[in-house]
Amino acid sequence: MGLLPFQGNVCILECLFLERDAVTHILVVEDEPSLCQLLVNNLSFEGYSVEAAGDGVPALAAHAARRADLIVLDLMLPQMDGFEVLRNLRERKDEVPVLMLTARGQETDRVQGLSLGADDYLVKPFSVLELIARVKAILRRTRPVDRPPLLRSGPFRFDLPRLEARREGRTLDLTPREFRLLEILITHPGRTHSRRELLQLAWEPDARPSARTVDVHIANLRKKLGEEQGTPWIATVGGEGYRWVTPVEPEPA
C-alpha cells in the first residue's frame, strides 16, 4: 500500500499488517515534506496508522475528524505554530499525548512547550531511533495495553520494546542500526525492501549513506544471525533489495 503525496494538509498510510480499527493512530504535524514522509514511513513500519498535516489548522481538523492517540507536533509551522496548536487542544480539555519537534533548543522554548502540556520534547536534528523510542515510551505511559508484541521466527525471539534479539536463548550482539534493519524486515516477512527504502527507514534524515552501506550492514547482520550455518534468514532479491524469508508469529508477553 503506497503513501499518498504530501500536499501540505493530510496524507495517510495505513498499517500494513493489522486491522485499522485496532491500530494506534498517530498524527504527524510537520511542514517539511521530506521529513514528514520520513516520519510517516518509519511510524507506519512500527505498525501504527499514521496521518500527517502540514500546518496547525488542518492538523486540528484532522484530529477532530479522527482522534489521534498521539500527536507528533512540529513547533515551527507556517501559519498556526505548535504552541498555538497545543494551547488550543489543552483549552478544550483534550489530553491527547503530544511529542513536540523543533529546531529550537533554548530552555525557554522547552519549558513553554512542557508547561502548555506537551508530554515530551525532541530537538532537531534528531535520530529516528530516538523518536521511535520516545513515541513508544509515551504510548506505554498513556496506553499500556498497546505494548508492541514479542515476535518469534524460527529459532529467534525478538523483543521489540527492549531492542533485543535472541537465538535459542542467546542474546545477539546487535548495534542499534542492525536491530533497526532487522526490525523492518521481520515486521514485514516475505516483503522485499529496496536498498533505498532501507536507507530512508533506518538512517537519520541528514545522513548520507550509500546503497553499499546497506549491503555492509546486512552482511554483518547475517553473520550475527548465524547464516554461515547454511540457513538463509535474509534473502537477497536480485538487484532490488532484501527480505526476511521465515514466517514470523506474535508471542504473548
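Up top you'll find the structure we're talking about.
Residue numbers run consecutively from 1 along every chain, following the written order of its sequence. For this predicted model, a pLDDT threshold of at least 70 governs which residues receive local features, and a threshold of 80 or more governs which side-chain atom pairs are given and counted, while totals over whole chains, interfaces and linings are taken from all residues. Hydrogen atoms and water are omitted, and side-chain values are computed over all heavy atoms in the structure.

### Focus on the pairing of strand β13 (residues 241-244)
So, step 1. Here strand β11 (residues 193-194) pairs with β13 via 2 bridges, running antiparallel. Opposite His193, over in β13, you have Tyr242 as the bridge partner.
So, step 2. Any two strands with at least two DSSP-identified bridges between them are counted as paired. The numbering of helices and of strands both runs from the N terminus, where a helix is a DSSP run of H or I of at least 4 residues and a strand a run of E of at least 2. Where strand β12 (residues 234-237) and β13 come together, 4 bridges link them in antiparallel fashion. Opposite Ala235, over in β13, you have Arg243 as the bridge partner.
So, step 3. The loop that links β12 with its antiparallel partner β13 comprises 3 residues; one of these, Gly238, has a positive phi angle of about 50°.

### Comments concerning unusual backbone geometry
So, step 1. Pro125 follows Lys124 through a cis peptide bond whose omega is -5°.
So, step 2. Relative to the helices and strands, Pro125 resides in the loop between β6 (120-123) and α5 (128-142).
So, step 3. With a phi close to 60°, Lys93 is a non-glycine residue in the positive phi region.
So, step 4. Mapped onto the elements of the fold, Lys93 is located in the loop between α3 (82-91) and β5 (98-102).
So, step 5. For Lys93, a relative accessible area of 68% gives the class exposed. Think of it in three bands: residues with accessible area under 20% of the maximum for their type are buried, residues over 50% are exposed, and the middle band is partly exposed, with areas taken using a 1.4 Å probe on protein chains only.

### Observations regarding the packing of aromatic side chains
So, step 1. Side-chain rings of Phe, Tyr and Trp, where Trp is taken by its six-membered ring, are said to pair if the distance between their centres is within 6.5 Å; with planes under 30 degrees apart they count as stacked, over 60 as edge-to-face, and otherwise as tilted. Applying the stated rule across the entire model yields 5 aromatic pairs.
So, step 2. Relative to Trp244, the ring of Trp233 has its centre 6.5 Å away and its plane inclined at 20°; by these criteria the two rings are stacked. With Trp233 in the loop between α8 (211-225) and β12 and Trp244 in strand β13, the pair connects residues that are 11 residues apart, well separated along the chain. Side by side, Trp233 and Trp244 carry an identical accessibility label, which is buried.

### Describing the sheet that holds β13
What links the strands of a sheet is backbone hydrogen bonding, and the strands pair in either a parallel or an antiparallel sense.
So, step 1. Strand order in the open sheet made by the 3 strands is β11-β13-β12, with antiparallel pairing throughout. Each edge of the sheet is formed by a strand with only one pairing partner; in this case those strands are β11 and β12.

### Points about the sheet that holds strand β8 (residues 156-159)
So, step 1. One open sheet accounts for 5 strands, arranged β10-β9-β8-β7-β14; its pairing is antiparallel. Strand pairing shows two members of the sheet lacking a second neighbour, β10 (170-171) and β14 (249-251), which therefore form its edges.
So, step 2. Note: strand β9 (residues 164-167) against β10, 2 bridges, orientation antiparallel. The partner of Arg167 across the bridge, within β10, is Arg170.

### Regarding the nonpolar core
So, step 1. We define a nonpolar core as any set of buried Ala, Val, Leu, Ile, Met, Phe, Trp, Tyr and Cys residues linked to one another through side-chain atoms lying within 4.5 Å. In this structure, Phe158, Leu182, Leu225, Ile234 and Trp244 are the most contacted members of the largest nonpolar core, which totals 27 residues.
So, step 2. Breaking this core down by element, the ones donating at least two residues are β8, α6 (176-186), α7 (195-202), α8 and β13.
So, step 3. Top element by residues in this core is α6. It accounts for 6 residues.
So, step 4. Counting residues in each nonpolar core, the second largest holds 23 residues, with Leu43, Val50, Leu131 and Ile138 among its members.

### Describing the environment of Val28
So, step 1. Among the structural elements, Val28 can be located in strand β2 (residues 25-29).
So, step 2. C-alpha of Val28 to C-alpha of Ala59: the two residues are 31 residues apart in sequence and 8.3 Å apart in space.
So, step 3. What makes two residues a contact is simply this: any of their non-hydrogen atoms within 4.5 Å. Discounting chain neighbours no more than four positions away, the residues touching Val28 are Leu39, Leu43, Val50, Glu51, Ala52, Ala53 and Val72.

### Remarks on the packing of α6 against α7
So, step 1. Axes here mean lines fitted to C-alpha atoms, for a helix over just the part in contact, with angles spanning 0 to 180 degrees between N-to-C directions. Contact geometry for α6 and α7: axes closest at 10 Å, N-to-C directions at 120°. With respect to α7, the element α6 is oriented oblique. By crossing handedness, the relation of α6 to α7 is classed as right-handed. Contacts between α6 and α7 involve Arg177, Arg180, Leu181 and Ile184 from the former and Leu198, Leu201 and Ala202 from the latter.
So, step 2. Under the convention adopted here, Pro, Cys and the residues Ala, Val, Leu, Ile, Met, Phe, Trp and Tyr are nonpolar, Asp, Glu, Lys and Arg are charged, and Gly plus all remaining residues are polar. Looking at the contact of α6 with α7 residue by residue, the class counts come to 5 nonpolar, no polar and 2 charged. Angles below 35 degrees are treated as roughly parallel, those above 145 as roughly antiparallel, those between 65 and 115 as roughly perpendicular, and all remaining angles as oblique. We call a crossing left-handed when the near helix sits turned anticlockwise from the far one by less than a right angle, and right-handed when that turn is clockwise.

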